[in-house]
Amino acid sequence: MQCLSFSEFLSMDEETELIEEEELYELHYSDLMLVSEQLSQSRQIGEIMKALGPTGPGLLSITGVPNPTTSLRRHLLSLARNLALLSPGHRLRILKEHNLGSDVPLKNPDRSVSSFAMQLRYEQGLESVQSKPSHSVDTLLSSEQEHLDVGTTGEIQDIEFKNLGSTFRKLGFCMMDLGLRIARICDKAIGGQELEQSLLESCAAKGRLIHYHSALENLVLSEAEESKATTKRQANGRRDDKNSTRNRQGQSTGVVNLDSNGRKVGSSGIHSNLWQQWHYDYGIFTVLTSPLFLSSQATEPNDPFSLSCNEECPSPSGHTYLQIFNPYKNNVCVVKASPESFIIQVGESADIISRGKLRSTLHSVSRPSKLGSLSRETFVVFLQPAWNKTFSITDYTMKQFMSCHEETNHSEQDHNKLTQEIGKIIPPLSSRLKDGMTFAEFSRETTKQYYGGSGLQSNR
């Protein structure tokens, strides 16, 4: 399979569609259970390490996960969009009620994503997954619903979110178990128990429910924001009809312009076709649901500001819109995974702890430029070491580590060009990791170099 080189990908026109796909190695849930408990299936352990190791994509998918996990996935993902589009006050009340926070600025109408996060404790998770499973999601959640008195909220919309917190936790615990089992299998192949123990010693993982906004939603949010500003100006007696009209026509920087196909116009640059920019995850493993796609339509043909109910739709391209870069092949591909599967992705901490026997994945999420009404929903669980986990790289030099990320079969000229292109997007590991650093220090420095500021993470 021939994929786009990284340089070709960065220079392509935003209307160009990525058609090359990376089909992940699929591990059936029953095989995962067998291998993780017996640790004697050498062929399957080899296949897992091939997928997650230095010459593989750094990802695999787990299929056939039984109910209630698949029902929990569908239920939780269906809530993401509506939660993201609530009024700020209403959304804040819902988040507080279910012990959720957010790690993105939700007041920005042009935001690409809305994200809702919660800490998930291993002690509670292990008790949850070891209990007898129920095949009914309603039965599974009923014990946590009883304390919710919907009538006291005064908001009929709150009924939709009454299971939000319990569904978030239950699905998160199931996904944590998948990650722990993969860590145990990798430990068997590598030797020792450092990956699994590092996860358990952290005591908690971070769950994140993510809604990737459609361009049409951004337009609606921007128009609503402008309408509020206009109302405020009128109340203060400072209405400016000329400026208000110009803003409504989308000439201000806060409004998204769409063409007749619902596509954003006037955007340019190498990142204009991305929902999420290129980055490495810096934990041990990231566990993701396969995404859910929703399509919205305007209720009036000539009024793009009124949206009908969102409808679930298959992926227009047949893939997940998750993109990965393979330094060995010097290419960018889109990831294809079975519907309702779960994806395991290697983070930089696993790369460091395994001394290169696992390979972290440089990735982004592409945004279909021709489908302005399409949104994407996913749930992610980040499995990381304890904050005081110390990284030792004395017997594994940075030169060796960087070679695992950057080595290619191309000429030195191509290699240097590729390194420069990556360097424009990704702060090099050598600038973020020092021998003897704790995971907290590595996390802080990585976040600082990616996003600026103090680099401190949200505790929610």
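Each remark here, short or long, concerns the structure printed above.
Owing to the predicted nature of the structure, the values given are computational and were not obtained by experimental measurement.

Attention now moves to the overall build of the chain. The helix and strand inventory of the chain stands at 16 helices and 17 strands. Counting over 460 residues, the chain shows a buried share of 52%. For the chain, the accessible area works out to roughly 21,000 Å², and carbon and sulfur atoms hold 48% of it.

Looking along the chain, the bond that leaves asparagine 67 and enters proline 68 is cis, with omega of 10°. With respect to the element layout, proline 68 can be found in the loop between β4 (59–63) and α4 (69–84). The phi torsion at arginine 355 lies on the positive side, around 55°, for a residue other than glycine. Take arginine 355: it is sitting in the loop between α12 (348–353) and β16 (362–366).

Attention shifts here to the packing of aromatic side chains. For the structure shown, the criterion picks out eight aromatic pairs. Between tyrosine 212 and tryptophan 275 the ring centres are 5.6 Å apart and the planes differ by 55°, which places this aromatic pair in the tilted class. Residue tyrosine 212 is found in strand β6 (residues 204–212), and its partner tryptophan 275 is found in strand β7 (residues 274–279); the two are separated by 63 residues along the sequence. The class of tyrosine 212 is buried, set by a relative accessible area of 3%. Its end group placed over the ring of tyrosine 212, arginine 376 keeps NZ or CZ at 5.0 Å from the ring centre.

When two helices pack together, their arrangement is given by the angle between their axes and by how far apart the axes lie. Look at helix α8 (residues 164–190) against helix α9 (residues 194–202): their axes get within 7 Å of each other, and the N-to-C directions meet at 145°. Every residue of α9 that contacts α8 at Gly179, Leu180, Ala183, Arg184, Cys186, Asp187 and Ile190 is listed here: Glu194, Leu195, Glu196, Leu199 and Leu200. Tallied by class, residues from the contact of α8 with α9 come to seven nonpolar, one polar and four charged.

Further remarks concern the pairing of strand β9 (residues 292–295). As paired elements, β9 and strand β17 (residues 374–383) share four bridges and run antiparallel to each other. The residue of β17 that forms the bridge with serine 295 is leucine 374. Inspection of the sheet shows β9 paired to strand β12 (residues 311–313) by three bridges, in the antiparallel sense. Note that in β12 the partner of serine 295 across the bridge is glutamate 311.

So, on to the nonpolar core. One finds Ile182 and Phe285 to be the most contacted residues of the largest nonpolar core, which totals 68 residues. Tallying contributions element by element places α8 first for this core, with 12 residues. Excluding its chain neighbours within four sequence positions, the residues that come into contact with isoleucine 182 are Leu27, Leu32, Leu52, Leu60, Ile62, Phe285 and Ile344. Judged by nonpolar contacts, the second largest core, of 15 residues, contains Leu59, Leu322, Val365 and Val380.

Right, let's talk about the pairing of strand β14 (residues 331–336) for a bit. The buried fraction of β14 amounts to five of the six residues, a majority that puts the element mostly inside the structure. Relative to β14, strand β2 (residues 21–23) runs parallel, the two being bridged by three bridges. Bridge assignment links glutamate 22 to a residue of β14, and that residue is valine 335. As judged from the four bridges shared by strand β13 (residues 322–326) and β14, these two strands associate in the antiparallel manner.

Attention now moves to the side chain of histidine 363. Within the secondary structure, histidine 363 sits in strand β16. Looking at histidine 363, its side chain comes within polar contact range of the main-chain oxygen of threonine 361, at 2.8 Å. Discounting residues that sit within four places of it in the chain, histidine 363 has contacts with Gln277, Trp278, His279, Tyr280, Asp281, Leu322, Gln323, Ile324 and Gln345.

Attention now moves to the packing of helix α2 (residues 29–38) against α8. For the pair α2 and α8, interaxial distance at closest approach is 9 Å and the crossing angle is 50°. In this view, α2 runs oblique relative to α8, as classed from their interaxial angle. As α2 runs across α8, the sense of the crossing is left-handed. Two secondary-structure elements touch here, α2 through Tyr29, Leu32, Met33, Val35, Ser36 and Glu37 and α8 through Leu178, Arg181, Ile182, Arg184 and Ile185. Among the residues making up the contact of α2 with α8, the classes are represented as seven nonpolar, one polar and three charged.

With respect to the secondary-structure elements, glutamine 38 resides in helix α2. For the pair glutamine 38 and isoleucine 185, spaced 147 residues apart in sequence, the C-alpha separation works out to 9.6 Å.

Structurally, the position occupied by arginine 91 is in helix α5 (residues 88–97). For arginine 91, a relative accessible area of 4% translates into the label buried. With near-sequence residues (within four places) excluded, arginine 91 lies in contact with Leu83, Ala84, Leu85, Leu86, Leu106, Arg111 and Phe116.

This brings us to α4. With 16 residues, α4 ought to run about 22 Å at 1.5 Å a step, and its terminal C-alpha atoms sit 23 Å apart, in line with that. Taken as a whole, α4 has its buried residues at Thr69, Thr70, Leu72, Arg73, Leu76, Leu77, Leu79, Ala80, Arg81, Leu83 and Ala84.

Counting across every chain of the model gives 12 salt bridges. Across the pair arginine 181 and glutamate 37 runs a salt bridge whose closest N-O atoms are separated by 3.5 Å. Taken together, the residues arginine 181 in helix α8 and glutamate 37 in helix α2 connect sequence positions 144 residues apart. For glutamate 37, a relative accessible area of 53% translates into the label exposed. Residue arginine 81 pairs with glutamate 217 through a salt bridge whose shortest N-O separation is 2.7 Å. Of this pair, arginine 81 sits in helix α4 while glutamate 217 sits in helix α10 (residues 215–235), and the two are 136 residues apart along the sequence. Overlapping salt bridges, with partners in common, bring together Glu37, Asp177 and Arg181 in one network.

A few words now on the environment of lysine 329. When you line up the elements, lysine 329 lands in the loop between β13 and β14. Given the relative accessible area of 48%, lysine 329 is considered partly exposed. In the structure, lysine 329 is positioned 274 residues away from threonine 55 in sequence and 8.9 Å away in space, judged by C-alpha atoms.

Conventions adopted
- Here the residue numbers are simple positions, counted from 1 along each chain's written sequence.
- A pLDDT threshold of at least 70 governs which residues receive local features in this predicted model, and a stricter bar of 80 or more applies before side-chain atom pairs are shown or counted, although totals over entire chains, interfaces and linings include all residues.
- Where side-chain values are given, they derive from all heavy atoms of the structure, hydrogens and water being excluded.
- Comment: elements are numbered from the N terminus, with helices defined as DSSP H or I runs of at least four residues and strands as E runs of at least two.
- Three labels apply to residues, based on accessible area from a 1.4 Å probe with only protein chains included: buried if under 20% of the type maximum, exposed if over 50%, partly exposed otherwise in between.
- All accessible areas in this document rest on Shrake-Rupley with a 1.4 Å probe, and a residue is counted as covered only by the protein chains that are shown.
- In this analysis, rings of Phe, Tyr and Trp, with Trp reduced to its six-membered ring, are considered paired at centre separations within 6.5 Å, and the interplanar angle assigns stacked below 30 degrees, edge-to-face beyond 60, and tilted for intermediate values.
- Geometrically, a charge over a ring is one whose NZ (Lys) or CZ (Arg) sits within 6 Å of the ring centre while staying within 35 degrees of the ring normal.
- Axis definition: a line fitted to C-alpha atoms, over the contacting stretch in the case of helices. Angles run 0 to 180 degrees between N-to-C directions.
- Residue contacts are counted whenever heavy atoms from the two residues lie within 4.5 Å of one another.
- Residues are grouped as follows: Ala, Val, Leu, Ile, Met, Phe, Trp, Tyr, Cys and Pro are nonpolar; Asp, Glu, Lys and Arg are charged; every other residue, Gly included, is polar.
- In this scheme, strands are said to pair when DSSP sees at least two bridges between them.
- Nonpolar cores are built from buried Ala, Val, Leu, Ile, Met, Phe, Trp, Tyr and Cys residues. Side-chain atoms within 4.5 Å join them into one set.
- Whenever a nitrogen or oxygen atom comes within 3.5 Å of another N or O atom, the pair is scored as a polar contact, on the condition that within protein one atom can donate a hydrogen and the other can accept it, and that pairs from neighbouring residues in sequence are kept only if both atoms are in side chains.
- Angle categories are assigned with fixed cut-offs, so that under 35 degrees is roughly parallel, over 145 is roughly antiparallel, 65 to 115 is roughly perpendicular, and the rest are oblique.
- If you view the pair so one helix is near and one far, a crossing is left-handed when the near helix is turned anticlockwise from the far one by less than a right angle, and right-handed when it is turned clockwise.
- Expected span of a helix: the number of residues minus one, times 1.5 Å.
- Any carboxyl oxygen of Asp or Glu within 4 Å of a side-chain nitrogen of Lys or Arg constitutes a salt bridge here.

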